[in-house]
Amino acid sequence: MNGGTIPIALALFIALQCPRGLAGQTPASDASAPAAPRSAASPIAAAHAVVTPPVIDGRLTDPAWAEATPITGFVQRELHEGAPITERTEVRIITDGQALYVGAWLYDSDPAGIVAGEKVRDGDISKSDYFGVLLDTYHDRQNGFVFTTTPAGIEYDAQVVSEGEGGGLQLPGQTRAMAGSLGGFNLNWDGTWTVATSVDSAGWYAEFRIPFTTLRYGAGKQQAWGLNLVRSIRRKNEEAFWSFVPRQFSLMKVSRAGTLQGVQVPSRRVWTVTPYALGGSERNYTIDPEARRRSEFGGDLKFGLTQSLTLDLTYNTDFAQVEVDEQRTNLTRFPLFFPEKRPFFLENAGIFSAGTPQAVDLFFTRRIGIDTLGQPVSLLGGGRLTGHVGDITVGALQIFTDRGTTQPAMAYSVVRLERELAARSRIGVIGVQRVATAQSGNWNRVAGLDGRIGIRDAWTIDWWGAASATPGPDGDGAAYSARLSYETGSWSNLARIIQVGRDFDPDVGFLNRRGGYRFYETTVMWKKRLPGSRWLKDWHPHVGYRGYYGLNGYRQEDRIHIDITEWYTASGANLGPEVNIEHQGLQLPFAIARNVTLPVGSYDYTSMGFDAATNPSEPFSVNVRADIGGFYNGTRRGGSVTLAARRGSSLTTSVLVEYNDVRLDQGNFTRVLIAPRIAYFFTPRIMFQTLVQYSNQARAWTANARFGWLSTAGTGLFVVFNEGQEADGFFQWTRPQARSLIVKYTRQFGRSG
């Protein structure tokens, strides 16, 4: 790796030619799962061909719907696993050769109890009734597209990779929402499709139009795809599937999907042009004597080279409309992970995922276009190639950036090849390179090999190995990991090891700690159902251990987590006291606050934690986290409270207040974070959102206000105002830091459906 460019070592590609039978045959049901009405063969449905397509108005009165055979027989995953759905549900699927149309008759004996939810695109559907469609267009039983809506008519779409099993590392103090699925579920992907809903005295109805040009699929005009359908009845906490999915899984369990036959796809290829124009004013008070005007244009081009291979080109890429990061308190000596939110990097992001998300990401797009000070760097342009060539999943990315405040102009190259095998298994390779375009000897390269072995439904083995190289003498630039998980309706267990060499440096990745270490993790969770209780649903007692050790054996950090009282109610509320026994080994002094530095040494302490949340679908809800007990050589008392209120589907508000009082032998300090949020949705595509944040750790007060009038695929009109102040309190501003007002309009043209 000391010369040349990266396409990846071609020798590694040979591994992709392993026979499909390597990991066994089609998954069988887990022996510990309860008996359920799942036949030996998965259910089959047909897409009925029509000449005249329906009008997408949510009423389902068009004659075309009467011609299709209804899909019925939904089975509960929750609340009573294996039981038939309690409300009549019928779905019909038709096609006109240009798009797939899905109509859902979601009858309800208590229409007044339907929970419509918020009108925001990609909102939290767990708080409302919903209906969703999973399409496994390559029929590989691992990957797919999700299209979902609620009675409010929102567009909720996502890409599923490897059945949503990202295999990432959830960090201590990080909520499950922050962790997400850790790499296997890309909710931020926005496709071009249409949905409409309606509600009457018999229930609610959903009507989808999903253009074939929004999807990617294999060759052949007549195809069979994987299909699953899901309906949630929120007031009953009931979720039911057309093709049965056990309670330990979700819609992302692609291998449990049924089959949709008779899909007639067009031979024409997708092409779209998405230009933007931007104007506004901005000022960085540390370097700008006065406000600077902005006037820019650029855009993206998408072209289907084949039905399954797409080329995306971008010029002068801009992300002014992107939602700002949520501030967080950091009481560790390691960097926090913030997810990617920029649209160009989100499409097909799962293809490029390799390593252990949020611990050792071999490729992390936030390293492109953002410098070491967190300031944006202009993206001059580039391209991305994604899709399938035969049985191989292909991803290639090339991006060029301008010179930034702390870095020269750069070129970033990524190549990813992957092959899905039988029984949820796969193998892949990745290569990543960063090169300074105007300097010699300024580069970084990483190559990796990874895979997954699925053994029936319950067992999964994830593994990867990688090596990095930079100019200069070779060092210990290798890293590897192996993870074994066991997931059934009653147990959720895992064991993991990661080793990172002291010189391993994925410069275009994310490494949560440097200098070399070994990480060990194991968790045992028992998931006890409580069918005899009216209000308690689950009890999840669990214990876990995770530890970091230096390559010389030094005990850097470890944590024993004991939680024997984690309860979940039938309404969606939860309660969970916990005990954490921790060790921190400091080999260097740790400046934990401006005037507080912990000396070198070993620290052992025990703390109590407490999580509680009320029913999130109610008009008013509360989420509480408390921590109290030891902390290094002193104590920590505090936690966070999030209060949320909504009115109908249009107005939602919340406020997060986080407070930590830390008392150490070297001094005392507090950490305060306040974040109120207000959003008003005129329609699912017209909205106004505000987020104000104050952090005394950053000594910063920031405000972000966004108005959006959305068109297809996240395009449209955006007006964004940002304000940043140095502050000693939420209402105590000391001096301005930055201010901007941006108006951006983007529109999609071409053949996208």
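Please refer to the structure placed before this passage.
Residues numbered from 1 in each chain as written. Predicted model: local features only at pLDDT ≥ 70, side-chain atom pairs only at ≥ 80, totals over all residues. Heavy atoms only, no water.

1. Digging into the packing of aromatic side chains
And step 1. For the structure shown, the criterion picks out 33 aromatic pairs.
And step 2. Arranged with centres 6.2 Å apart and planes meeting at 90 degrees, the rings of Tyr-107 and Tyr-205 form a pair that is edge-to-face. Of this pair, Tyr-107 sits in strand E5 (residues 99-107) while Tyr-205 sits in strand E11 (residues 203-211), and the two are 98 residues apart along the sequence.
And step 3. Note on Tyr-205: relative accessible area 8%, which makes it buried.
And step 4. An angle of 80 degrees between the planes, with centres 4.9 Å apart, marks the rings of Phe-730 and Phe-731 as edge-to-face.
And step 5. Exposure remark for Phe-731: the relative accessible area of 74% places this residue in the exposed category.
And step 6. An aromatic cluster of at least three residues, connected via ring pairs, comprises Phe-131, Phe-145, Phe-147, Trp-189, Trp-193 and Phe-208.
And step 7. Above the face of the Trp-443 ring, Arg-445 is positioned so that its terminal group lies 4.1 Å from the ring centre. (Phe/Tyr/Trp six-rings, centres within 6.5 Å; stacked < 30°, edge-to-face > 60°. Helix = DSSP H or I, 4+ residues; strand = E, 2+ residues; numbered from the N terminus. Buried < 20%, exposed > 50% of the residue type's maximum accessible area, 1.4 Å probe, protein only. Lys NZ or Arg CZ within 6 Å of the ring centre and 35° of its normal.)

2. A closer look at the sheet that holds strand E10 (residues 194-200)
And step 1. Taken in spatial order, the 5 strands of this open sheet run E2-E4-E5-E11-E10, and their pairing is mixed. Pairing within the sheet leaves two strands with one partner each, and these edge strands are strand E2 (48-49) and E10.
And step 2. Pairing between E5 and E11: 9 bridges, direction antiparallel. Looking at the pairing, Leu-100 lines up with Ile-210 of E11. (Pairing = 2+ DSSP bridges.)

3. Structural notes on the pairing of E11
And step 1. Here E11 lies mainly inside the structure; 9 of its 9 residues are buried.
And step 2. Pairing analysis gives 7 bridges linking E10 to E11, with the strands arranged antiparallel. In the strand pairing of E11, Ser-198 is matched with Tyr-205.

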